[in-house]
Amino acid sequence: MALSVKLAAVAAAAVFASNSAFAEGYPDRSITMVVPFSAGGPTDTVGRLIAEKMSADLGQQIIVENVGGAGGTLGAGQVAGAEADGYTILLHHIGMATSATLYRNLAYKPLEAFEYVGLVTEVPMTLVARKDFEPTDLAGLITYVKENAETITMANAGIGAASHLCGMLFMQAVDAPIVTVPYKGTGPAMTELLGGQIDIMCDQTTNTAEQIKGGTIKAYAVTSSARLDIFPDLPTVAEGGLPGMEVSIWHGIYAPKGTPAEATDRLATALQNALADPDIAAKFAELGTKPSPAADATPAALKAKLESEIARWQPVIEKAGVYAD
Ligand code: ASP
């Protein structure tokens, strides 16, 4: 055997040996899951539920760290630059795809900076208002917004957040520019909606379900194509006259580029087991959502989803001409 071939074989064997040692021992300490929005918001809720179940499967704690701001790009950027050792992961949503076009100066490239673990859930959104907001149904809201656009305030979690995308779709559908107020997440935005400091918001059911059920906020429509089991009386946006507003917020788990496949595969198994747990299905159902099927909770499925969603949103954003910079 030529020396170079021998050396290559030795090197390959060493990599194999260290990888299998890594796989056997992983994880041997706690893992940080960055949620790129505020604590108490919809992504945080999904993150904490899934982190708790995955921790039990992994035998190590997954600790949620909230890094909110700039529509989720600050937290994603932090994970893109973190050590690729399997001990820092990211839970992000559709904003991972839209930020690729919305932010022309992102410090990381969404398609190049991460390894993939899998899809978690697709969450519908709801169009909601403070409890005493005048319009009583979606038709009334549309008329009211057209007549009072300059005086209405709409909350969102920054450019690229789900609430921003949904708000953009709403403004395009009603053809009225509403004053928007950005927060680090819709958790704090909900507090202001409850306090009456903000008029309306489009937010994931993982943040609005409890408040709608409790009657502490007003709901006009869901952005899914069918009505939700938890709100059988709440019309879909299409039923209410805004068919172009359908959107659902898919969430996925990522790791920094270069994280060993042994780690992402182990995390994917933990994710699949967590999603198959009836407890998670029940908790998600209360929040108006469902666990992703096992076939989607895989690295390949999340990669394909991100690629197709970047391609889907790019022309929409370019046509709207709205950029974060
Ligand atoms: N998911 C964000 C949050 O957790 C809100 C959003 O994307 O609009 O606050």
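What you see is a predicted model, and the numbers here were worked out from it, not measured in a lab.

A.B. asks: Residues and numbers for the site of the ligand, please.
C.D. replies: All residues adjacent to the ligand are Phe37, Pro42, Thr43, His93, Ala157, Ala161, Ala162, Ser163, Gly185, Thr186 and Gln204. At 2.7 Å from an oxygen atom of the ligand is found a side-chain nitrogen or oxygen belonging to His93. Contacts to the ligand include Ala162, whose backbone N or O atom sits 2.8 Å from an oxygen atom. When each cavity is represented as a set of grid points, the ligand is found to reside in the largest cavity. Mapped onto the shell around the ligand, the elements with two or more residues apiece are helix 2 (42-58) and helix 6 (162-174).

A.B. asks: Pulling in residues and values, what's your account of the layout of surface pockets?
C.D. replies: Space inside the largest pocket adds up to approximately 410 Å³. The wall of the largest pocket is formed by 17 residues, among which Pro124, Leu228, Gly288, Thr289 and Lys290 lie closest to the centre. Ranked by residues supplied to the lining of the largest pocket, first place goes to strand 4 (residues 114-130) with 3 residues. A volume near 170 Å³ is recorded for the second largest pocket. As for the second largest pocket, its lining consists of Ala100, Tyr103, Arg104, Asn105, Leu106, Tyr108, Lys109, Pro110, Leu111, Glu112 and Ile310. For the lining of the second largest pocket, the per-class residue count stands at 7 nonpolar, 1 polar and 3 charged.

A.B. asks: So what's going on with empty space enclosed by the protein? Residues and values would help.
C.D. replies: Here the structure, examined in full by the defined rule, presents 1 cavity of 30 Å³ or more. Of the voids in this model, the largest cavity is the one considered here, and its volume is about 50 Å³. Together, Phe37, Pro42, Thr43, His93, Ala157, Ala161, Ala162, Ser163, Gly185, Thr186 and Gln204 line the largest cavity. Class assignment of the residues belonging to the lining of the largest cavity gives a composition of 5 nonpolar, 6 polar and no charged.

A.B. asks: Kindly report on the packing of helix 7 (residues 186-194) against helix 8 (residues 205-214), identifying the contributing residues and their values.
C.D. replies: Where helix 7 meets helix 8, the closest approach of the two axes is 11 Å, and the angle between their N-to-C directions is 25 degrees. For the element pair helix 7 / helix 8, the angle class is roughly parallel. The handedness of the crossing between helix 7 and helix 8 comes out as right-handed. Contact with helix 7, carried on its side by Thr186, Gly187, Met190 and Leu194, involves Asn207, Thr208 and Gln211 of helix 8 and no other residues of that element. Broken down by class, the residue content of the contact of helix 7 with helix 8 amounts to 2 nonpolar, 5 polar and no charged.

A.B. asks: Break down the packing of aromatic side chains for me, with residues and values.
C.D. replies: For the coordinates displayed, the defined rule picks out 5 aromatic pairs. Grouped by ring-pair contacts, the aromatic residues Tyr108, Phe114, Tyr116 and Tyr254 constitute a single cluster. One residue, Arg29, lies across the ring of Tyr87, its end atom 3.7 Å from the ring centre. When the ring centre of Tyr323 is taken as origin, the NZ or CZ atom of Arg104, which lies over that ring, is 3.7 Å away.

What counts and what doesn't
- Residues numbered from 1 in each chain as written.
- Predicted model: local features only at pLDDT ≥ 70, side-chain atom pairs only at ≥ 80, totals over all residues.
- Heavy atoms only, no water.
- Near = heavy atom within 4 Å.
- Polar contact = N/O pair within 3.5 Å; in protein donor to acceptor, adjacent residues only side chain to side chain.
- 1 Å grid on protein atoms, 1.4 Å probe; cavity = no way out; pocket = protein on both sides within 12 Å on 5 of 7 lines; lining within 4 Å.
- Sits in = over half its atoms within 2 Å of the grid points.
- Helix = DSSP H or I, 4+ residues; strand = E, 2+ residues; numbered from the N terminus.
- Points joined across faces, edges and corners; volume = space filled by probe spheres on them.
- Nonpolar A, V, L, I, M, F, W, Y, C, P; charged D, E, K, R; others polar.
- Axes fitted to C-alpha atoms, helices over the stretch in contact; angles between N-to-C directions.
- Parallel < 35°, antiparallel > 145°, perpendicular 65-115°, else oblique.
- Left-handed = near helix turned anticlockwise from the far one by under 90°.
- Contact = heavy atoms within 4.5 Å.
- Phe/Tyr/Trp six-rings, centres within 6.5 Å; stacked < 30°, edge-to-face > 60°.
- Lys NZ or Arg CZ within 6 Å of the ring centre and 35° of its normal.

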